[in-house]
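Observations on the three-dimensional arrangement
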Amino acid sequence: MGSTGNKTGYNIISAKKYNRGLILKLISTGECRSRIELAQATGLTKMTVSNIIGEYIAGGVIEEKEEEKTDSCGRNPVLLSFAPTAPHVIGLLIFRDYVEAVLCDMNLNVCHREKIRFNDTDADHLMEDCYEVTDGCIEALKDDPHHPPLAGIGVASIGPVDINRGRLLNPVRFYGIRDLPVKGLMEKRYGCPVVFDHDNNCAALAESMWGNGKHIQDFIFLGISNGIGSGIVMNGEVFHNRRGLAPEIGFITLDPNGPVGENGRRGYLELYASTYIVLKRLREATGTKLPFKSYFEMTDNAEVVSILSDMVDKVALTLANVTNVIHPERIILGHDCMDWSDAYVRKLEELVNHQKIASDDFWISICKAHFGRSAMVVGAAANMLKELFNGNVTE
């Protein structure tokens, strides 16, 4: 069932929070649409389910509506959905050249979006931009005629990050910003629950619960832009290590004698396959300044094909190495990979499968993110919803 995790409920008083969150999760992710389906999926008694649903209806979180009548015999089913007064969440993304915030409902639908781009910044200005886009979402929530409450804010950030302490550590090419306590600053300003994670972990979570990783127990989310990051889902859960550090596939070394990055290390994937590196090569080779996507259409230009093929080769080699360690069922591509043509996605899939060591005839599928370029910011909101489902936030 993906990162929706265990869906078995417990008929004991001490598990009330868990059962309540589980029911919200199953409705949100579309797993269940009726009381009967909830009882079957969770193993809870019909009475327990009805009691929880009754509480949510009284609290303005859930509503029941009879499905439109059909010509078939029998009673029309009564379906569950979130009420307009159900809590909303905000997702905030801190990226290399912009900050973005989205206001989402309990189904992870985007209700409002704010974005600020920048070419240069510092820690203080970065946080001011974060506050501005977040404030815009809060104003949109206040303007909603149903006045739904704000359950909390999820923050996704480029890495490396310290998830446990809620700090952005030392990203390369990020205006010298270091050790920024993003989570604490957001909590102080807004006085509501804030959850903080790596941007690609957040994207992996959204894809696992609502997107192209749903029902997939083990997969890699790979986000390629001016950096290369990753989120890994194992046994249906986004992987977090004890120290709160996210996986950094982009810094896997391909050539110890290769080019030197700004961090002093040589020959790692980002130096060959990040968008700004590849785009620079493409523009120099063609004497053009086209958008990245346009070069994938130049199938008759040998130089362009060679550069793009080299990019895919380097990504495939890295992914094959990671695949030989964790054996995923799927790889999901995000961010600038949305510009890749289907032909290059298929080429990547073939290369990874031909280079993986396990000869079990299992074909690892590769696809683009269901949420597209919004996977990371929507994933930030998803991370806050997960806290709600886990019973860590009061609806």
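Thresholds applied
Residues numbered from 1 in each chain as written. Predicted model: local features only at pLDDT ≥ 70, side-chain atom pairs only at ≥ 80, totals over all residues. Heavy atoms only, no water. Helix = DSSP H or I, 4+ residues; strand = E, 2+ residues; numbered from the N terminus. Buried < 20%, exposed > 50% of the residue type's maximum accessible area, 1.4 Å probe, protein only. Areas by Shrake-Rupley, 256 points an atom, 1.4 Å probe, with all protein chains shown as cover. Lys, Arg positive; Asp, Glu negative; His and termini not counted. Charge placed at Lys NZ, Arg CZ, Asp CG, Glu CD. Patch = residues over 30% accessible without salt bridge, like charges linked within 9 Å, V, L, I, M, F, W, Y side chains within 5 Å. Salt bridge = Lys/Arg side-chain N within 4 Å of Asp/Glu carboxyl O. Expected span 1.5 Å × (residues − 1). Core = buried A, V, L, I, M, F, W, Y, C linked by side-chain atoms within 4.5 Å. Contact = heavy atoms within 4.5 Å.

Within the chain, the secondary structure is distributed over 12 helices and 14 strands. Along the first, second and third principal axes, the C-alpha set of the chain runs to 65 × 50 × 40 Å. Relative to its full complement of 395 residues, the chain shows a buried share of 54%. Total accessible area on the chain stands at roughly 17,500 Å², and carbon and sulfur atoms take up 49% of it. Of the charged side chains in the chain, 41 are positive and 51 negative; the average position of the first set lies 3 Å away from that of the second.

Our next topic: a negative patch on the surface. A cluster of like negative charges, contributed by Asp120, Asp122, Asp124, Glu128 and Glu132, occupies part of the molecular surface. Turning to its location among the elements, Glu128 is positioned in helix H4 (residues 123-143). For Glu128, a relative accessible area of 47% gives the class partly exposed.

Since the α-helix packs 3.6 residues into each turn, any two residues three or four apart lie on the same face. Between its first and last C-alpha atoms helix H6 (residues 199-210) spans 16 Å; for 12 residues at 1.5 Å apiece the expected length is 16 Å, and the two agree. By the criterion of burial, H6 is predominantly enclosed, with 12 of the 12 residues buried. Buried residues of H6: Asp199, Asn200, Asn201, Cys202, Ala203, Ala204, Leu205, Ala206, Glu207, Ser208, Met209 and Trp210, and no others.

Moving on to the nonpolar core. By size, the foremost hydrophobic cluster in this structure holds 88 residues, and its most contacted members are Leu108 and Met186. Looking at this core element by element, the count peaks at 11 residues for helix H12 (residues 375-389). Non-local contacts of Met186, meaning those with residues more than four positions away in its chain, are made with Leu92, Met127, Tyr131, Thr134, Ile153, Val155, Gly191 and Val194. Formed by 36 residues, the second largest nonpolar core is a distinct cluster that contains Ile232, Tyr272, Val312 and Ile326.

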